[in-house]
Amino acid sequence: ISGSMTTRNKFPNAAAAASLMSRTLDLCAVKNEIIEFTDNEHEKGSVRVLLKGFDERPAQSDLCKRFEKCSPGSNNLDGEAILFAYERLVARPEQRKILLVLSDGFPSGNPKDGSGNVKLFTKQVIQTVKKEIEIYGIGFMTRAVEQYYPEYSIVDTAEEIAPALLKIISTKLI
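Residue indices follow the written sequence of each chain, beginning from 1 at its first position. Confidence filtering applies because this is a predicted model: local features only for residues at pLDDT of at least 70, side-chain atom pairs given and counted only at 80 or more, and all residues used for totals across whole chains, interfaces and linings. The basis for every side-chain value is the complete set of non-hydrogen atoms in the structure, without hydrogens or water.

Take helix α3 (residues 78-90) next. The helix count covers DSSP runs of H or I at least four residues long, the strand count covers runs of E at least two residues long, and both are numbered beginning at the N terminus. Expected span of a helix: the number of residues minus one, times 1.5 Å. Helix length check: α3, at 13 residues, gives a terminal C-alpha distance of 18 Å against a target of 18 Å (1.5 Å per residue), a fit within 8%. Burial here depends on accessible area, computed with a 1.4 Å probe over protein chains only, as a share of the maximum for the residue type. Under 20% is buried, over 50% is exposed, and the range in between is partly exposed. Every buried residue of α3 is accounted for by Asp78, Gly79, Glu80, Ala81, Ile82, Ala85, Tyr86 and Leu89.

Written out as structure tokens, the structure is:
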């Protein structure tokens, strides 16, 4: 969660939409998990928090409480977060693997690869990852996803997040 996710009530709406998507997938017997990522100014690299594991089916109220404990950082180390999720996905037994990324801006920060170029690093990660899994970006009040993700949607208001996620579920997943 970048610092910008705290503006314009973005995070609560994104959390609600992710919860709805997860619950919908659970009802369709589609394994899914939710990972929050941010950075920590005291540590180099990103911090990942598993909010819901593949084999969990928490009550909606419990999932909401997990989201409430999330705290924003300042950067979007998208490439590192995508690699983390990718490694978890390729270890799964399911044949089809899909990664949905909700983003509210351009990648920023310093990736662990030492290049100092987080945007290039993110593009390289996505190019590598898309060879083995399907990856979709959802731009939340940003068009930045157009430059990174092979398939993407753009939503301009919080109210559009849930319908966009449900459209991806209905057209791509089920």
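Attention now goes to the packing of aromatic side chains. Only centres within 6.5 Å qualify two rings of Phe, Tyr or Trp (six-membered ring in Trp) as a pair; their planes then separate them into stacked at under 30 degrees, edge-to-face at over 60, and tilted for everything else. If you walk through the whole model with that rule in mind, you get one aromatic pair. Between the aromatic rings of Phe106 and Tyr148, the centroid separation amounts to 6.3 Å while the plane-to-plane angle is 70°, which identifies the pairing as edge-to-face. Placement of Phe106 in the loop between β3 (98-103) and α4 (118-129) and of Tyr148 in the loop between β4 (134-140) and β5 (151-155) is noted, with a sequence separation of 42 residues between them. A relative accessible area of 7% places Tyr148 in the buried class. In this scheme, the term charge over a ring applies when either NZ of a lysine or CZ of an arginine sits within 6 Å of the ring centre and within 35 degrees of the ring normal. We note Lys119 situated over the ring of Phe106; from NZ or CZ to the ring centre the distance is 4.9 Å. Above the ring of Tyr148, the side-chain terminus of Lys123 is found at 5.4 Å from the ring centroid.

Now for the side chain of Lys97. The residue Lys97 is located in the loop between α3 and β3 in this model. When charges are tallied, Lys and Arg are placed among the positive residues and Asp and Glu among the negative ones, while His and the ends of the chain are skipped. For salt bridges, the criterion is a side-chain nitrogen of Lys or Arg within 4 Å of an Asp or Glu carboxyl oxygen. Despite its burial, Lys97 pairs with no opposite charge; the closest candidate is Glu94, at 5.5 Å N-O. Only heavy atoms matter for contacts: two residues are in contact if any of them lie within 4.5 Å across the pair. If near-sequence neighbours (up to four positions away) are discounted, Lys97 is found in contact with Leu89, Val90, Arg92, Ile133 and Glu134.

A word on the sheet that holds β5. Here, strands pair whenever DSSP counts at least two bridges between them. The sheet built from three strands is open, its strands ordered β3-β4-β5 with parallel pairing. The two strands at the open ends of the sheet, each matched to only one other strand, are β3 and β5. Each strand of the sheet is rotated relative to its neighbour by a mean of 15°, with strand direction disregarded. Looking at chain direction, β4 and β5 are connected through five bridges and run parallel. The convention used is that axes are lines fitted to C-alpha atoms, helices contributing only their stretch in contact, and that angles between N-to-C directions extend from 0 to 180 degrees.

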